[in-house]
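# Fold and geometry: a report
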Amino acid sequence: MLEVRRKRLGKLLVILFISAVGISLILFSLNSKLDLFYTPSEILSGKINSSSRIKLGGMVKANSIKRLGTSTSFLVTDFQAEVFVKFEGVTPDLFKEGSGVVVLGYFKDQKFSAEEIFAKHDENYMPPELEIGSQSE
Amino acid sequence: MFSSFVHRFSSPKSYVEITRKFFPYISLFGFLLLLIGWIWGLAFAPEDAVQGNSYRIIYLHVPASIFAQLVYFFMSICALIHLVWRVKLAAYLIKSAALVGAMITFIALFSGSIWGIPTWGTWWQWDARITSTLILFIMYLGIITLHGSFSNLEKADRLMSILVVVGVVNIPIIKKSVDWWSTLHQSASITISDGTSIDPSMLYPLLISIFGMGLTLISLGILSSKFYILTREKNKKWVQSYV
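Predicted model only: the values in this text are computed from it and were never measured. (Residues numbered from 1 in each chain as written. Chains lettered and ligands numbered in written order. Predicted model: local features only at pLDDT ≥ 70, side-chain atom pairs only at ≥ 80, totals over all residues.)

One rule of thumb: low pLDDT means the predicted coordinates there are not for detailed reading. Averaged over chain B, the pLDDT score is 93; the fraction of residues at 70 or greater is 97%. The ipTM assigned to the predicted complex is 0.82, against a pTM of 0.90. (pLDDT = per-residue confidence, 0-100.)

Below, the structure written as structure tokens:
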């Protein structure tokens, strides 16, 4: 490789290195703020300000959904801790027990009052007949 | 010998001549694969156990998202070639690929939003995957705009290439965003280490759509670059005899 080209390549690698370091520094300083939601354990650890609106994410615990009129209550779990959630309104189609959920609202007095509910779905895709088969195993 | 070979095939003239020969095959094959993949996926693949029919937008969303990133990766290799070896053709290819990249990234974001409404219950969230893809879209627009804002085209080529190299840092971030942070977006369904979590009956049409999308975008890129090269070198002798 010619000397001049080696120099250009060197400069380019320096540019790439600097921008990678710069962006990693930004990402590390933002760190957990980039997380879309808090897990139940994080919320119960008590670092959450009760007056700010936050998102809680996890799995809807089996047999925990209770509906009364238009209000729904359920437990969100990360298999270490559970948070009780109350919600008023229509839940998305994919909201069900045993699947992922993200709720937006306020955490006060050990209860989470949700304003909005988003259903999180996993990366598995299969036809209905196969799923019934895999559940009965 | 190697360098004379490179110089011969990196001249805009031979690029236009070679791609002209291959263009009909690439575009036709790509179009057919896309057609087969989409008809198979939309009409014949079974519906999903959880999402029902709404998962079918995967046959547009996944190919679009893959190539939103791959087009950028291609551009960064061209940027390296342009900056180190001063190959003009590489810069021309960046400029024309950026248009294709911006288009396909927009489709990825838009189809993702449509998919989000019935499944997640929202069309937009500032989660790491969605936001980093939006940044990618803005990068494409920035690259096009930066190049357009100089009257000295050689300087424009060089600065554009540097911007492309700076922005390539975003690509691994998009890829790993679903693993590094908790996101509403699910993690990857097809991985090299763990295989796939998509049932074969749904996976085959998806793979066909991905290949079809790739070839279709290559043919769009060829068209776009040919137009750009002929415009840019319009004062050269070979263009005047070509047109």
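Moving on to the domain arrangement of chain A. Partitioning chain A into structural domains gives domain 1 (3-32) and domain 2 (35-120). Centre-to-centre, using C-alpha coordinates, domain 1 of chain A lies 40 Å away from domain 2 of chain A. (Domains from an automatic or database assignment.)

This brings us to the nonpolar core. In terms of nonpolar packing, the biggest core is built from 49 residues, with V71, M75, I94 and I104 of chain B touching the most fellow members. Of all the secondary-structure elements, those providing two or more residues to this core are helix 2 (12-44), helix 3 (58-85), helix 4 (88-119), helix 5 (128-148), helix 6 (153-167) and helix 8 (200-232) of chain B. With 15 residues, helix 3 of chain B is the largest single contributor of residues to this core. In this structure I94 of chain B touches M75, C78, A79, M160, S161 and V164 of chain B, once residues within four positions along its chain are discounted. Counting residues in hydrophobic clusters, the runner-up holds 26 residues, among them F37, Y38, V76 and V102 of chain A. (Core = buried A, V, L, I, M, F, W, Y, C linked by C-beta atoms within 7 Å. Buried ≥ 20, exposed ≤ 12 C-beta atoms within 10 Å, placed from the backbone. Helix = DSSP H or I, 4+ residues; strand = E, 2+ residues; numbered from the N terminus. Contact = placed C-beta atoms within 7 Å.)

Quick look at the environment of M103 of chain B now. All names here are of chain B. Following the sequence through the fold, M103 ends up in helix 4. Classification of M103 as partly exposed rests on a count of 18 C-beta atoms within 10 Å. C-alpha separation for the pair M103 and G221, spaced 118 residues apart in sequence, amounts to 11 Å.

Residue and element names in this part refer to chain B. Those residues of helix 7 (residues 170-180) not exposed but buried are N170, I174 and S177. Taken around the axis of helix 7, the buried residues stretch over an arc of 65°, which confines them to a single face. In helix 7, the exposed residues that point more than 90 degrees away from the buried face are P172 and D179. Tucked into the core, helix 7 has its buried residues touching helix 3, helix 5 and helix 6. (Arc of directions from axis to C-beta.)

All names here are of chain B. Remark: helix 3 packs on helix 8, axes separated minimally by 9 Å, with the N-to-C direction vectors making an angle of 45°. Of the possible angle classes, the one that applies to helix 3 and helix 8 is oblique. Helix 3 and helix 8 meet at a crossing whose hand is right-handed. Taking contact as the criterion, the partners of I58, Y59, V62, P63, A64, I66, F67 and V71 in helix 3 are, on helix 8, P205, L206, S209, I210, M213, G214 and L217. Taken together, the residues that form the contact of helix 3 with helix 8 break down as 13 nonpolar, two polar and no charged. (Axes fitted to C-alpha atoms, helices over the stretch in contact; angles between N-to-C directions. Parallel < 35°, antiparallel > 145°, perpendicular 65-115°, else oblique. Left-handed = near helix turned anticlockwise from the far one by under 90°. Nonpolar A, V, L, I, M, F, W, Y, C, P; charged D, E, K, R; others polar.)

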